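Residues per chain are reported as follows:
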Amino acid sequence: MAVDSAQLTALGDPTRRTIFELIAERPRSVAEITRQVPVSQSAVSQHLRVLRESRLVRSEPKGASNVYHIDPHGLGQMRAWLDRYWSKTLAAYKVAVEQPPEESR
């Protein structure tokens, strides 16, 4: 399963990463997010569109606005992709630490 490069690109932007982290703390509306970041509401909406299209967040209508939540499916895909590399790294580390030091070989 390949992670969509859009997810990595989306989180590569510091403002989007901040918005993502705010939503990860708890679901939030655009207005709530706008009060927490130094960009306009229009810019927040654009960042949310990128996060939504990359399946990192999802929106839920609530009254006249939308509330944004983490998209567990999209985030799960990204985590599974990262876990593959984490597992390989841990396995390589295990091999390295189990080898005797050079001076005792």
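The structure we're discussing is the one just above.
The notes below deal with the structure included here. These figures come from a predicted structure and were not determined experimentally. (Residues numbered from 1 in each chain as written. Predicted model: local features only at pLDDT ≥ 70, side-chain atom pairs only at ≥ 80, totals over all residues. Heavy atoms only, no water.)

## Focus: the overall build of the protein chain
We apply this condition: Helix numbering and strand numbering both begin at the N terminus, where a helix is a DSSP run of H or I of at least 4 residues and a strand a DSSP run of E of at least 2. This radius of gyration counts C-alpha atoms alone. The globule rule is 2.2 Å times how many residues there are, raised to the power 0.38. Summary of the burial criterion: residues with accessible area below 20% of their type's maximum are buried, those above 50% are exposed, and those between are partly exposed, where the area comes from a 1.4 Å probe applied to protein chains only. Any pair of residues with heavy atoms lying within 4.5 Å of one another is described as a contacting pair.
Of the regular secondary structure elements, the protein chain holds five helices and three strands. Starting at the N terminus, the α and β elements of the protein chain follow one another as α-α-β-α-α-β-β-α. The globule rule puts the C-alpha radius of gyration for 105 residues at 13 Å, and the 19 Å found for the protein chain is more than 25% above it. Along the first, second and third principal axes, the C-alpha atoms of the protein chain reach 70 × 30 × 20 Å. Counting over 105 residues, the protein chain shows a buried share of 29%. The long-range share in the protein chain, meaning contacts at least 24 apart out of those at least 6 apart in sequence, stands at 50%.

## A look at the nonpolar core
What counts, and what does not: Note on terminology: a nonpolar core comprises buried Ala, Val, Leu, Ile, Met, Phe, Trp, Tyr and Cys residues joined through side-chain atoms within 4.5 Å.
The biggest cluster of nonpolar side chains holds 17 residues, and the ones touching the most others in it are I19, I23, I33, L48 and L51. Of all the secondary-structure elements, those providing two or more residues to this core are α1 (5-12), α2 (14-25), α3 (30-36), α4 (41-53) and β3 (65-70). No other element matches the four residues that α2 contributes to this core. Discounting residues that sit within four places of it in the chain, L51 has contacts with A10, L11, R16, I19, F20, L56 and V57.

## Some points on the environment of D13
Checked against the element boundaries, D13 lands in the loop between α1 and α2. Accessibility expressed as a relative area gives 22% for D13, which makes it partly exposed. Distance from D13 to E32, taken between C-alpha atoms, is 20 Å for residues 19 residues apart in sequence.

## Re the pairing of strand β2 (residues 57-62)
So the rule is basically this: By definition, two strands form a pair when at least two bridges between them are found by DSSP.
Here β2 runs beside β3; their pairing, made up of six bridges, is antiparallel. From the neighbouring strand, V57 faces β3, where its bridge partner is I70. A loop of two residues connects β2 with β3, the two strands running antiparallel in sequence, and G63 in this loop sits at a positive phi of about 65°.

Geometry only, nothing functional implied.
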